[in-house]
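What follows is each chain in one-letter form.
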Amino acid sequence: MGFERCHPAVNFLYFAAVIGGTILFQHPVFLAISVVCAFLYSIKRSGWKAAIFNTVLLIFAVGFALYYSSYHHFGVTVLRQNFIGNNMTLEALVYGFVLGLSVTGVMIWFSCVHSVFTTDKVVYLFGRISPRLSLFLAILLRLVPRIKKEARRINTAQQGIGRGANQGNPCRRLQNSIRIFSMLITWTIDSLTTASESMQSRGSALRGRKAFSIYRFDNRDRAYVVALFGCLTAVLMAVLLQQTDIIYDPRIMMTPITAMSYLFYAGYAVFCLMPMGLEVWTQYRFWKARKTL
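Please read these numbers as outputs of a predicted model, since none were measured by experiment.

### A short note on the nonpolar core
Link 1 in the chain: Ranked by internal contacts, the top residues of the largest apolar core, which has 38 residues, are Phe3, Tyr14, Phe15, Trp109, Phe271 and Cys272.
Link 2 in the chain: Sequence-distant contacts of cysteine 272, defined by excluding residues within four places in its chain, comprise Tyr14, Val18, Ile33, Ser34, Cys37 and Trp109.

### Concerning unusual backbone geometry
Link 1 in the chain: Look at the link from aspartate 249 to proline 250: it is a cis peptide, with omega at 5°.
Link 2 in the chain: Mapped onto the secondary structure, proline 250 falls in the loop between β3 (246–247) and β4 (253–254).
Link 3 in the chain: In the Ramachandran plot, glutamine 242 falls in the positive-phi region, its phi being about 60° despite a non-glycine side chain.
Link 4 in the chain: Tracing the backbone through its elements, the reader meets glutamine 242 in the loop between α8 (219–240) and β3.

### With respect to a nonpolar patch on the surface
Link 1 in the chain: On the surface, Trp48, Ile52, Val56 and Phe60 cluster together into a nonpolar patch covering about 470 Å² of accessible area.
Link 2 in the chain: Along the chain, valine 56 falls in helix α3 (residues 48–71).
Link 3 in the chain: By relative accessible area, valine 56 is classed as partly exposed at 37%.

### Side note on a positive patch on the surface
Link 1 in the chain: Side chains of Lys49, Arg142, Arg146, Lys148, Lys149 and Arg152 sit close together on the surface and give a patch of like positive charge.
Link 2 in the chain: Considering every element that reaches the positive patch, the biggest residue donor is helix α6 (residues 131–159), with five residues.
Link 3 in the chain: Relative to the helices and strands, lysine 49 resides in helix α3.

### Considering the packing of helix α2 (residues 28–46) against helix α4 (residues 90–116)
Packed helix pairs are characterised by how far apart their axes lie and by the angle those axes make with each other.
Link 1 in the chain: One way to put it is that α2 packs onto α4 with a least axis distance of 9 Å and a crossing angle of 30°. As summarised for this structure, α2 and α4 are arranged roughly parallel, according to the angle between their axes. The two elements α2 and α4 meet at a crossing, and its hand is left-handed. Between α2, through Leu31, Ser34, Val35, Cys37, Ala38, Phe39, Tyr41, Ser42 and Arg45, and α4, the contact on the second element is made entirely by Val98, Leu101, Ser102, Gly105, Ile108, Trp109, Ser111, Cys112, Ser115 and Val116.
Link 2 in the chain: Its residues assigned to classes, the contact of α2 with α4 comprises twelve nonpolar, six polar and one charged.

Rules and cut-offs
- Residues numbered from 1 in each chain as written.
- Predicted model: local features only at pLDDT ≥ 70, side-chain atom pairs only at ≥ 80, totals over all residues.
- Heavy atoms only, no water.
- Core = buried A, V, L, I, M, F, W, Y, C linked by side-chain atoms within 4.5 Å.
- Buried < 20%, exposed > 50% of the residue type's maximum accessible area, 1.4 Å probe, protein only.
- Contact = heavy atoms within 4.5 Å.
- Helix = DSSP H or I, 4+ residues; strand = E, 2+ residues; numbered from the N terminus.
- Patch = residues over 30% accessible without salt bridge, like charges linked within 9 Å, V, L, I, M, F, W, Y side chains within 5 Å.
- Areas by Shrake-Rupley, 256 points an atom, 1.4 Å probe, with all protein chains shown as cover.
- Salt bridge = Lys/Arg side-chain N within 4 Å of Asp/Glu carboxyl O.
- Lys, Arg positive; Asp, Glu negative; His and termini not counted.
- Charge placed at Lys NZ, Arg CZ, Asp CG, Glu CD.
- Axes fitted to C-alpha atoms, helices over the stretch in contact; angles between N-to-C directions.
- Parallel < 35°, antiparallel > 145°, perpendicular 65-115°, else oblique.
- Left-handed = near helix turned anticlockwise from the far one by under 90°.
- Nonpolar A, V, L, I, M, F, W, Y, C, P; charged D, E, K, R; others polar.

Quick look at the structure:
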């Protein structure tokens, strides 16, 4: 049993809390913990493709930090001058990297959300509250893998007539890619219209309708929620004690790191690693059970 086998409400509560913390916390330590844990969990879920995607995002975060520090000149610690003679400061560089890292962490966590949440979970959570929102999210989550599959099909068909995205000179390849992209947009709009009409004809927008579900909030989910709120309590204590506060202008100033700070860091790390730990523990139990057979 991995994290995806937990109750949908537990999945939603966890991801809402961890993504909210990634957005709100600008403290480098808390932000680094969130990004590293998201990086590891996404690799656990999706393999080497996630590693490549995450690495590209981190490169963009570094590039954004350099861009931000070149055009924002607050701070007093001057590092050098850029090509137009403006000062590049340490404070602006660090703050730009923090912003880039925050966006990177959110995108990685959302990739984990996409791998955990299925269409039936979305319908279960939002079907009774907002049928239209449930319909929109269900179609959106299902559409992403379909778009990738359809793009490969269109490209394969175009290759048969010499118009593939990798055929011809660079100018021809650009024209072929634009043509394939246009076909994909047309297919996407048609697919969305067909899916929306199909779902509405089945009564998906009716308020108070009943839907079949296989989810049951059992003792496993209760234990996970208790551990989740225990970690959130430690994080809330860190917020109340100003351990997450930091100022970047005019100097980088934050609450001094003490022995208590490491407890808060550890609590937040445990919180971010909970899905990863659950899946590793599940695999260990499965391996141990097979070994005893």
